[in-house]
Amino acid sequence: MRIIIPILLIILLIAGGFFAVSLVPYHIYTLALSEGVDTDFIKTQTMPESMYKGGKYTFEKLEAVFVEDESLYKNFHFDFFTLPFPFRHPLFRAMPLVENLSKDKPNLGLRLMDTKNKMLAEFLNRDHFKFQLELGKHKLFNLPVYKKMILDKSQEQVFRDVFEKDIRIPNYKEMGMLNYILKIKKQYEYDELVYNLFILKLRNDYLPKSARKIAFYEDKGFGVAEIDIEKEGEKYLQEIVFILHRGIVYSLSLKSRRYTSEAEAYRRRLLQNLRWKESISGDSSVPIYGEYRELEYTKRIDQEGMLYLFAAWSHELQKKEFLKEMIQFLERGKENSMQLTPLYKFAYKKFGTTFSLKDKLKEDAKARLERKIKEELEAELKRERNSNSEIDDSKFETEEKKIEYFLDKAKEGDNSDEDEDVLVVE
């Protein structure tokens, strides 16, 4: 009997030691979230509580419902999205947004102003990126058993978990040590802890740190990160939408003014109608431009015509004809200076001219030379037609050679001001 008791005590101590050791990963996991850890296997930084929680996206209930006529909106194919434009709305004045002009492909969007020229809402497309399940240099994720566990999951499932999964676990201080010991191992296996840390890594890589909430919009299949913004005394809600399609994440930023029924109505409409749609340069713009050409002249020189051209241009940003027509038709309308200003700015930055037909023409030397060559060529052809003289086509090997001939003649007539950097026509 004297021998049995010490043996039992030793067995209990060994078992207790193994059990205590088995709880160490849970303690380290709690520290990884609450304080951050820096070990050979994993490194984490503390993040806002919102980045740990996740959840399902829902709309808050409204005390009053803002009902609108459906004819005030039209869903446009804009960049890689289909979304509603308020093109006949009496309460919204749409201003084109063209941001990050130094990039090859700037970000485009619309800012909706109220009748007092205060911003109600705006959306802006953002750069898209590859969604890769990179394990990085973390030794923990590269252990064969965990590496296989992570890579066996589909991109779609991981993407959803980035926004929806709650990666928090109970704290022993909140549960009490006994309950913690009895329940924690049953509820959370080691595999899940490692996967949660991987989700935390992806949130740190892809999501804004200032987000107050992240959630997955199940009906639409996209993730949303919400950010609170205050500007010039007004409070705004910014929602960044992330849509996964064939390994690429496409994102769109939506800002809406808080506590304003019109802004809230448009916010809901956009999120409920938003979907991904492929943008094909040269094809996607054709049907939009076709509809624009069918508009009455009075609509083509107003906001409605601008929105058609703006949507068409989003698919072919290198095609200056859309931008040129947008500017010159807006100039023929009334009170369009607010819409014209960002277009002038981008046109001059990208093409060296504002394309203006009024007193806003500003162009650099290259754009001026191209314009004068074109004008001289058109004038030369007009003179030839008016004089009824026939051109001897046998002199030219091809039609291109014929055009080059007239271009050379036009250049010969351009001898002035070629060294000027900028010309502003008053």
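Reference entry: report on the structure contained in this document. In this text the structure is predicted, and so the values were computed from the model without any measurement. (Residues numbered from 1 in each chain as written. Predicted model: local features only at pLDDT ≥ 70, side-chain atom pairs only at ≥ 80, totals over all residues. Heavy atoms only, no water.)

Structural notes on the packing of helix α13 (residues 320–332) against helix α14 (residues 337–351)
Where α13 meets α14, the closest approach of the two axes is 10 Å, and the angle between their N-to-C directions is 145°. In this structure, α13 crosses over α14, and the sense of that crossing is left-handed. Seen from α13, the contacting residues are Lys-320, Leu-323, Met-326, Ile-327, Leu-330 and Glu-331; seen from α14, they are Gln-339, Leu-340, Leu-343, Tyr-344, Phe-346, Ala-347 and Phe-351. Classifying every residue of the contact of α13 with α14 by side-chain character gives 10 nonpolar, one polar and two charged. (Axes fitted to C-alpha atoms, helices over the stretch in contact; angles between N-to-C directions. Helix = DSSP H or I, 4+ residues; strand = E, 2+ residues; numbered from the N terminus. Left-handed = near helix turned anticlockwise from the far one by under 90°. Contact = heavy atoms within 4.5 Å. Nonpolar A, V, L, I, M, F, W, Y, C, P; charged D, E, K, R; others polar.)

Some details on the packing of aromatic side chains
Here the structure, examined in full by the defined rule, presents 31 aromatic pairs. Relative to Tyr-292, the ring of Tyr-289 lies with its centre 5.6 Å away and its plane at 35°, an arrangement referred to as tilted. A residue pair is termed a helical-turn pair when its members lie 3 or 4 positions apart in one helix, as Tyr-289 and Tyr-292 do in helix α10 (residues 285–293) at three residues. Through successive ring pairs, a cluster of aromatic residues spans Phe-76, Phe-78, Phe-85, Phe-87, Phe-123, Tyr-308, Phe-310, Trp-313, Phe-346, Phe-351 and Phe-355. The aromatic ring of Tyr-195 is capped on one face by Lys-153, whose charged end is 4.6 Å from the ring centroid. Positioned above the aromatic ring of Phe-329 is the side chain of Arg-332, whose terminal nitrogen or guanidinium carbon lies 4.3 Å from the ring centre. (Phe/Tyr/Trp six-rings, centres within 6.5 Å; stacked < 30°, edge-to-face > 60°. Lys NZ or Arg CZ within 6 Å of the ring centre and 35° of its normal.)

Considerations on the sheet that holds strand β11 (residues 275–276)
An order of β1-β2-β11 is seen for the three strands of this open sheet, with the pairing classed as antiparallel. Only two strands of the sheet have a single partner each, and these edge strands are β1 (74–78) and β11. Where helix α9 (residues 261–273) meets the sheet, its contacts fall on β1, β2 (81–85) and β11, and the angle it forms with β2 comes to roughly 155°. (Pairing = 2+ DSSP bridges.)

A few points about the pairing of strand β10 (residues 248–257)
With respect to burial, β10 is a largely interior element, nine of its 10 residues being buried. In the sheet, strand β6 (residues 129–130) pairs with β10 via two bridges, with the strands oriented antiparallel. Its bridge partner lying in β10, Phe-129 is registered against Val-249. Both strand β9 (residues 234–245) and β10 contribute to a ladder of 10 bridges, which runs antiparallel. Its bridge partner lying in β10, Leu-237 is registered against Ser-256. Here β9 folds back onto β10, and the loop between the two strands holds two residues, one of which, Arg-246, carries a positive phi near 50°. (Buried < 20%, exposed > 50% of the residue type's maximum accessible area, 1.4 Å probe, protein only.)

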